[in-house]
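Architecture and fold: a report
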Amino acid sequence: MSPLPDLSRLCIHTITTKPWAIETSAQKFAAAGVKGITVWRDTLAGRDIKQTGQLLRDHGLSVVSLCRGGFFPGKTATERTKALDDNRLAIAEAHALGAPLIVLVCGAVPGQPLTESRKQIQDGITALLPDCQAAGVKLAIEPLHPMYADSRSAVNTLGQANDMVEALKSPYVGVAADVYHLWWDPALEAEIARCGRLKALFAYHVCDWRTPTIDLLNDRGLMGEGCIPLRQIRAWVEAAGFKGFNEVEIFSTRLWAMDQDDYLKKIVQAYKDHV
Ligand code: ZN
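Below you will find a few notes about this structure. Owing to the predicted nature of the structure, the values given are computational and were not obtained by experimental measurement. (Residues numbered from 1 in each chain as written. Predicted model: local features only at pLDDT ≥ 70, side-chain atom pairs only at ≥ 80, totals over all residues. Heavy atoms only, no water.)

Counting secondary structure elements, the protein chain contains ten helices and eight strands. Compactness check: the protein chain gives a C-alpha radius of gyration of 18 Å against a globular reference of 19 Å for 275 residues, within 12% of the reference. Dimensions of the protein chain, computed from the C-alpha atoms along their principal axes, are close to 45 × 45 × 35 Å. A total of 275 residues make up the protein chain; the buried ones form 53% of that total. Across the protein chain, contacts joining residues at least 24 apart in sequence account for 81% of those joining residues at least 6 apart. Total accessible area computed for the protein chain in this model is approximately 11,500 Å², and 55% of it derives from carbon and sulfur atoms. (Helix = DSSP H or I, 4+ residues; strand = E, 2+ residues; numbered from the N terminus. Rg over C-alpha atoms; globule rule 2.2 N^0.38 Å. Buried < 20%, exposed > 50% of the residue type's maximum accessible area, 1.4 Å probe, protein only. Contact = heavy atoms within 4.5 Å. Areas by Shrake-Rupley, 256 points an atom, 1.4 Å probe, with all protein chains shown as cover.)

Right, let's talk about unusual backbone geometry for a bit. Note that the residue after C67, namely R68, is joined by a cis bond; omega there is -5 degrees. For R68, the position within the fold is in strand β3 (residues 62-70). The linkage connecting T211 with the following residue, P212, adopts the cis geometry, with an omega of -5 degrees. Positive phi, normally seen in glycine, also occurs at K169, with a value near 45 degrees. With respect to the element layout, K169 can be found in the loop between α5 (158-168) and β6 (173-178).

The biggest cluster of nonpolar side chains holds 79 residues, and the ones touching the most others in it are V39, L97, I102, I125, I141 and M223. The residues contacting V39, other than those within four sequence positions of it, are T14, I22, L44, L56, V63, S65, L66, C67 and L97. By size, the runner-up hydrophobic cluster in this structure holds eleven residues, among which are W40, C67, V103 and A203. (Core = buried A, V, L, I, M, F, W, Y, C linked by side-chain atoms within 4.5 Å.)

Turning our eyes to something else, we now look at the pairing of strand β7 (residues 201-206). In terms of burial, β7 is largely enclosed, as six of its six residues are buried. One ladder, built from four bridges, connects β6 with β7; its direction is parallel. For D178, the partnering residue across the bridge sits in β7 and is H205. Where β7 meets strand β8 (residues 246-248), three bridges bridge the pair, whose relative direction is parallel. The residue bridging H205 from the neighbouring strand is E247, located in β8. A crossover connection joins β7 to the parallel β8 through helix α8 (residues 230-239); in handedness this β-α-β unit is right-handed. (Pairing = 2+ DSSP bridges. Right-handed = clockwise from strand over helix to strand, strands pointing away.)

Another point: the coordination of the zinc ion. Within the protein, E142 (OE), D178 (OD), H205 (ND1) and E249 (OE) serve as the donor atoms for the zinc ion, at 1.9 to 2.2 Å. Angles of 82 to 166 degrees at the metal separate the four donor atoms of the zinc ion, which places the site in the irregular class. For the zinc ion, the single-chain donor residues occur in sequence as E-x35-D-x26-H-x43-E. Here E142 is found in the loop between β5 (138-141) and α5, whereas its partner D178 is found in strand β6, with 36 residues between them in sequence. As far as burial versus exposure is concerned, E142 and D178 are alike and both buried. (Donors = N, O, S within 2.8 Å, 3.2 Å for Na, K, Ca; no water. Tetrahedral: all angles 85-135°; square planar, octahedral: opposite > 155°, others 65-115°.)

Looking now at the environment of L168. Inspection of the secondary structure puts L168 in helix α5. Relative accessible area serves as the criterion here: at 11%, L168 is assigned to the buried category. Separated by 39 residues in sequence, L168 and L129 place their C-alpha atoms 9.6 Å apart. When near neighbours in sequence (up to four residues on either side) are disregarded, L168 contacts Q122, I125, T126 and V173.

Spacing of three or four residues puts side chains on the same side of an α-helix, whose turn is 3.6 residues. Among the residues of α5, L158, G159, A161, N162, M164, V165 and L168 are the ones counted as buried. Residue K169 follows α5 closely and has a positive phi angle near 45 degrees.

Before going further, it helps to spend a moment on helix α2 (residues 49-58). Buried residues of α2: I49, T52, G53 and L56, and no others. Around the axis of α2, the buried residues are gathered within 100 degrees of arc, so they sit on the same side. What points out from α2, more than 90 degrees from its buried face, is the exposed set K50, Q51 and D58. For α2, the secondary structure elements touched by its buried residues are α1 (22-31), β2 (36-40), β3 and α3 (77-97). Backbone nitrogen of K50 and a side-chain oxygen of the N-cap are separated by 3.0 Å at the start of α2; the cap is D48. Immediately downstream of α2, the backbone of G60 shows phi near 80 degrees, a positive value. (Arc of directions from axis to C-beta. Polar contact = N/O pair within 3.5 Å; in protein donor to acceptor, adjacent residues only side chain to side chain.)

Written as structure tokens, this is what we have:
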């Protein structure tokens, strides 16, 4: 796979440059030649969401997705209803922002069987489909690394996400494939191809896996700092027909502590060198 010729498919998540307000991210990303932005909901607090979406587009940025919905499982019906309400709010926010897609961190409840949590996730997504259709907003199931199976997601492989997409049979439901969560999976190449056949590969997230990883959540690496075969996985994703953005999504206490202007330069270089 040859290096990407340009930045036309580079998207950065607002969480990647967490110290910046969304207005700052928009301005700096655009100035650096970045073409897409994925918005984390916390950055919208206290803002007019519609106007914020317009501001992003005025900077020439495509709004790629909204992060995040999900967390469907709950021990009681009340908890699960509350989760649905929050997801409906996310759908309304995505609609106002002009984001075509919401990424789902599907959820899990410690001590509840994963099979039961997966059933609750599937039921939750089913309940949202009319809202998705009315708003023109799609949902992307993001399988999470098994280290998060206790409390963050009972969907831990691309195979499980594909199974759910197949069962739901809706053009509004697909998958967000994130290399951080999936790189280790021996079935990855085959499941990416299957996701392509299902026309369900909605998003592709990149970063790297550091050795040793010192924090389960906030020690992701910049592309090139770790062991993920990024070029190989991008080749599989593109062979599956994916033509969307390559989204840089990095949670890192270490990188958030850097001067964020210097960090953005590093992101762009790492994208050219490693994605
Ligand atoms: Zn992701």
